[in-house]
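Next come the chains, spelled out residue by residue.
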Amino acid sequence: MVLVQYLKKAYSWLAPPPKQSEDGRDQWPSRAAFLLAAMGGCAGQGNLIRYPSVVYNNYGLQWFIPYFLAIFFVAIPALVLEISIGQAYRGGTVIAFNNINKRLKGVGLGPILVSFIVTQYFTVNLAWIMNYFRVSFQSPLPWTGNKTTEFYENGVVRNPDPIAGALSTDGKHVLSYTEYPSISLIGETVGWSAFIWFLIWVSIFRGVGLTGRVVYWTMGLPIVTTIIFVGRSLSLPNAREGVELLWATWRGGQLASGTVWQTAVGQVFFSTGIGFGYFTSYASYNSKHSNAVMDALLICGSNVLFENFAAFAVFGVVGYLRLWPQDGERLGAFVVGFLTLPEAVLHMPGSNFWAILLFFTLVVLGFSSAFVMLDAVATLIVDSGSKLSRPVIVTGLTIISFLMCLPYCTEFGYYLLDGIDRWVNNICLIFVVWSEVVSASTVYRWHDVVEQTGLPAFVVYNFAYFGGQIIGVSVAHGREDPAIGAGAGFGTFVVFSIIAALVAEKPVIPAPSFWGRNPFLSKFWYLAAYSGSQIRRDLNNIIGGEKNWKIPSFWPVLLRYVCAPVLCIIFSFAYPEFHTLRYDPLMITGFILAHFILLAILLGFVIPRYYDVFIPPNRIGEGERIIGELVQEEHLPVREGPGTIGEEAGNGHGGFAGSSEERKEGTASPPVEYVKA
């Protein structure tokens, strides 16, 4: 009995039940735990292997111009949105976007579907790394003697070469489809995958109380080992020349190419982890009035620092091995992780130690990203009001995910992974974030805009906005000239925006500051900026306390007019790429799967009630509730009591006091008090 009591105490200490916030929701044990968990999601193995490969292919100081512009104008605004709505609306992505508008449940479901699909094959990648980790204890290392590629292909992945398909010379027809004759399961890959899934289960089954302890190890250990590895890499002979390749080289001509800009945005987009849903889920376990904007900047900033620091490890090896970039030859992430770095450790004294350290670092970094993705899925089910306990839900998800990862453990699994990963990232993930930033700045309190300007003007303006993006990318690809496409898209937007402002009704309440000087500018402001301005105001009422950083006024402009068009352009490149790969059945599989996820997102807009199963019954109507009076930057009606996010207040759409007719006639009840924002 004494032993049982000690075991129970040890269990309670290792896996404590989570704290409860004032509204009864589980809460992180500390702010540091949330930050480390969120940082673990974005600071994965991609920081140590993918980012250095991208920088290597675009070496030179000029790389940091598009890189930092993408950080400030794409990554940070989207991250602020994901963290703020999770914290303010006290729920995962589906609940959060349901609060923005009831038809956005599909937008909230999209990130969860992406995480659920990605985490299944991500664990197989970790299983390959565990294979390397196991053999790193052998001496000599099994890839000694110019056998790095051979060991990777025959000793780890173990996928026989397929029979390649082909297109016709003009690319219009498929002459033959790629065949994969070997389909057997690979025992070791299955075993290591099961081990990884067990670790994931252990880390999240009890909730944020346990996860808050795990993240201190999953983030702390990789930081220490990365520092050690960087130090050793920089001490290698000739390492300085490799570092100078990046930090002491200027190739300004590269900035004239669209490729480096596209690559920089893509890298920032993927490395920060936006679009997977776990930032929103994890932020929902914060205190409702935490400093969300500061947290977003800390998370994004830490990711930037870590991946640029880790890059020194690879560039020191590049100088040591004299692997200078060659025109037309590009270094891939798999090459860095499974070929370049393993080759480098062979040349280091004590190669076994450095191999063990390298692969331990990679597996822990990857593991921290894997469990946060599955945790986002678990949060969705727990928040839905399921009668099952969290441990049961996590256990069931883990078993299902393990079974679904088995196809990636076969003798064609590497090629399946490539096919699924390519299109889930290039199509689904980009569309998910595009739909997030667009919906938050377009659909939020859209009835207010219609009340002030009329429905025809609202429709025409949004045709200008969405039509400009669609026409722009279509013309650019059709004419193979980005400049013509940009002109067509921007021209469409300008022409129809002016038409929308001309046909709009005169607003009853003028727009704030400069925009309220004449009726035309007021109408344009309502059409172009009202929704984004309002969600910023309403979120700041919760997360922007006296000592907290507030969401800045330019944030909604970045979301709608910078993030969204950039993501639309990147999204458009996926389809020409698929056209050149349509002879591969596994590429076709990934392409179809990606579009099923897109369909799930769009169906939520058309038939939102079918997604109510993911929301507790008492919270389903939050997307339909009136939020409060019309709020403007200089004219803010203030009321005591109701009027905050999620609380019912006011009458009519958007919270205007009085009916539509009364407002137009000027007889609506005036607000009690006005204050400057």
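Now for a description of the structure that goes with this document. None of the values given here were measured: they were computed from a predicted structure. (Residues numbered from 1 in each chain as written. Predicted model: local features only at pLDDT ≥ 70, side-chain atom pairs only at ≥ 80, totals over all residues. Heavy atoms only, no water.)

1. Comments concerning the overall build of the protein chain
Each helix and strand in the protein chain was counted, giving 26 helices and 6 strands. Classification of the 677 residues of the protein chain by burial places 56% in the buried group. Taking contacts inside the protein chain between residues at least 6 apart in sequence as the whole, the part at least 24 apart equals 80%. (Helix = DSSP H or I, 4+ residues; strand = E, 2+ residues; numbered from the N terminus. Buried < 20%, exposed > 50% of the residue type's maximum accessible area, 1.4 Å probe, protein only. Contact = heavy atoms within 4.5 Å.)

2. Brief notes about the packing of aromatic side chains
In total, this model carries 52 aromatic pairs according to the counting rule given. Lying across the ring of tyrosine 59, arginine 251 places its NZ or CZ 3.7 Å from the centre. Across from the ring centre of tyrosine 465, 4.5 Å away, lies the NZ or CZ of arginine 560, which sits over that ring. (Phe/Tyr/Trp six-rings, centres within 6.5 Å; stacked < 30°, edge-to-face > 60°. Lys NZ or Arg CZ within 6 Å of the ring centre and 35° of its normal.)

3. A short note on the side chain of serine 401
In this fold, serine 401 is placed in helix H17 (residues 390–405). With near-sequence residues (within four places) excluded, serine 401 lies in contact with Phe116, Gln120, Trp197 and Leu374.

4. A few points about helix H9 (residues 187–204)
For the α-helix, the turn length of 3.6 residues means that residues three or four positions removed from each other point alike. Between its first and last C-alpha, H9 extends 26 Å over 18 residues, near the 26 Å set by a 1.5 Å rise per residue. Of all the residues in H9, the buried ones are Glu188, Thr189, Val190, Trp192, Ser193, Ile196, Trp197, Ile200, Ser203 and Ile204. (Expected span 1.5 Å × (residues − 1).)

5. Brief notes about the pattern of salt bridges
A complete count under the given rule lists 13 salt bridges for this structure. Linking arginine 25 and aspartate 383 is a salt bridge whose minimum nitrogen-to-oxygen distance equals 2.9 Å. Highlighted residues: arginine 25 in the loop between strand E1 (19–20) and strand E2 (26–27) and aspartate 383 in helix H16 (residues 351–383), separated in sequence by 358 residues. Considered together, arginine 25 and aspartate 383 belong to a single accessibility category, that of buried residues. (Salt bridge = Lys/Arg side-chain N within 4 Å of Asp/Glu carboxyl O.)

6. Considerations on the environment of valine 557
Along the chain, the position of valine 557 falls in helix H23 (residues 555–572). Looking at valine 557, the relative accessible area reads 44%, which means it is partly exposed. Separated by 116 residues in sequence, valine 557 and serine 441 place their C-alpha atoms 8.4 Å apart.

7. Some points on the packing of helix H20 (residues 455–479) against helix H22 (residues 519–543)
In the contact formed by H20 and H22, the axes pass within 10 Å of each other and the chain directions differ by 60 degrees. In terms of orientation, H20 and H22 fall into the oblique class. The way H20 lies across H22 gives a crossing that is right-handed. The residues of H22 that touch H20, namely those facing Ala457, Phe458 and Tyr461, are Phe524, Leu527 and Ala528. Looking at the contact of H20 with H22, its residues break down into 6 nonpolar, no polar and no charged. (Axes fitted to C-alpha atoms, helices over the stretch in contact; angles between N-to-C directions. Parallel < 35°, antiparallel > 145°, perpendicular 65-115°, else oblique. Left-handed = near helix turned anticlockwise from the far one by under 90°. Nonpolar A, V, L, I, M, F, W, Y, C, P; charged D, E, K, R; others polar.)

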